[in-house]
Amino acid sequence: MQTYSQEMLALSKQAAEREQDLLILNQFIARGGQFRLHLSVDHPDQLVKDTVERLAADGFPGDKVLQIMVRRAEIALTDTKERAFQRAAADIMVVGHPDAGASA
């Protein structure tokens, strides 16, 4: 089991990594990333593979894919920050519990 410090350090590192992911993704979008996405299909039937790749090349919605990726990255970052907040709040609740210092 991790100590409180180890757990908070891991959550902090994870949040920093997710913030970096979001920053890089937004920079990619700002530089025309939707035009740099291409669909590659892994399918055993060559006809299916070729058809899907051809149709995707004729109007692949890169902007929509990137919007979804940004939203998922934002959700992942928010979830990580929320877990860190809940972990910190759990310690505060225990230490600052109104019954902790009550005299009988």
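Overview of the structure. Per chain, residue numbering runs from 1 following the sequence as it is written. Local features in this predicted model are restricted to residues whose pLDDT is 70 or higher, and side-chain atom pairs enter the listing and the counts only when it is 80 or higher, whereas totals over whole chains, interfaces and linings include all residues. To obtain the side-chain values, all non-hydrogen atoms of the structure were included, while hydrogens and water were left out.

To qualify as a helix, a DSSP run of H or I must reach at least 4 residues; to qualify as a strand, a run of E must reach at least 2; elements of each kind are numbered from the N terminus. Helix and strand content of the chain: three helices and zero strands. Secondary structure elements of the chain, listed N to C terminal, follow the sequence α-α-α. Buried residues are those whose accessible area, probed at 1.4 Å on protein chains only, stays under 20% of the maximum for their type, while exposed residues exceed 50% and partly exposed ones sit between those limits. In the chain, which comprises 104 residues, the share counted as buried stands at 14%. Contacts between residues were defined by any pair of non-hydrogen atoms, one from each residue, lying within 4.5 Å. Restricting the contact set of the chain to residue pairs at least 6 apart, pairs at least 24 apart contribute 73%.

What follows deals with the nonpolar core. Ala15, Leu22, Leu25, Leu66, Val70, Ala73 and Leu77 together form the largest nonpolar core, which totals seven residues. When residues of this core are traced back to their parent elements, those giving at least two are α1 (4-30) and α3 (62-95). Per-element accounting of this core gives the leading share, four residues, to α3. Ignoring sequence-local partners within four residues, the contact set of Val70 consists of Leu22, Leu25, Asn26 and Ile29. Working definition of a nonpolar core: buried Ala, Val, Leu, Ile, Met, Phe, Trp, Tyr and Cys residues. They are joined through side-chain atoms within 4.5 Å.

What follows deals with a nonpolar patch on the surface. A surface patch of nonpolar side chains, amounting to about 190 Å² of accessible area, comprises Leu39, Val48 and Val52. Here Val52 shows up in helix α2 (residues 46-57). Here a patch means residues that are over 30% exposed by relative accessible area and free of salt bridges, tied together within 9 Å if like-charged and within 5 Å if nonpolar (Val, Leu, Ile, Met, Phe, Trp, Tyr). Reported accessibility uses the Shrake-Rupley method at a 1.4 Å probe radius. Residues are deemed covered only where the shown protein chains occlude them. Whenever a carboxyl oxygen of Asp or Glu lies within 4 Å of a side-chain nitrogen of Lys or Arg, that contact is scored as a salt bridge.

Take the environment of Glu74 next. Mapped onto the secondary structure, Glu74 falls in helix α3. Placed 52 residues apart in sequence, Glu74 and Leu22 show a C-alpha to C-alpha distance of 7.1 Å.

What follows covers the environment of His43. For His43, the location among the structural elements is in the loop between α1 and α2. When residues no more than four places from it in sequence are discounted, the contact partners of His43 are Val48 and Lys49. As used in this structure description, the phrase polar contact means that two N or O atoms lie within 3.5 Å; if the pair is within protein, one of them must be able to donate a hydrogen and the other to accept it, and residues adjacent in sequence are counted only when both atoms belong to side chains. Separated by 3.0 Å, the side chain of His43 and the backbone nitrogen of Asp45 make a polar contact.

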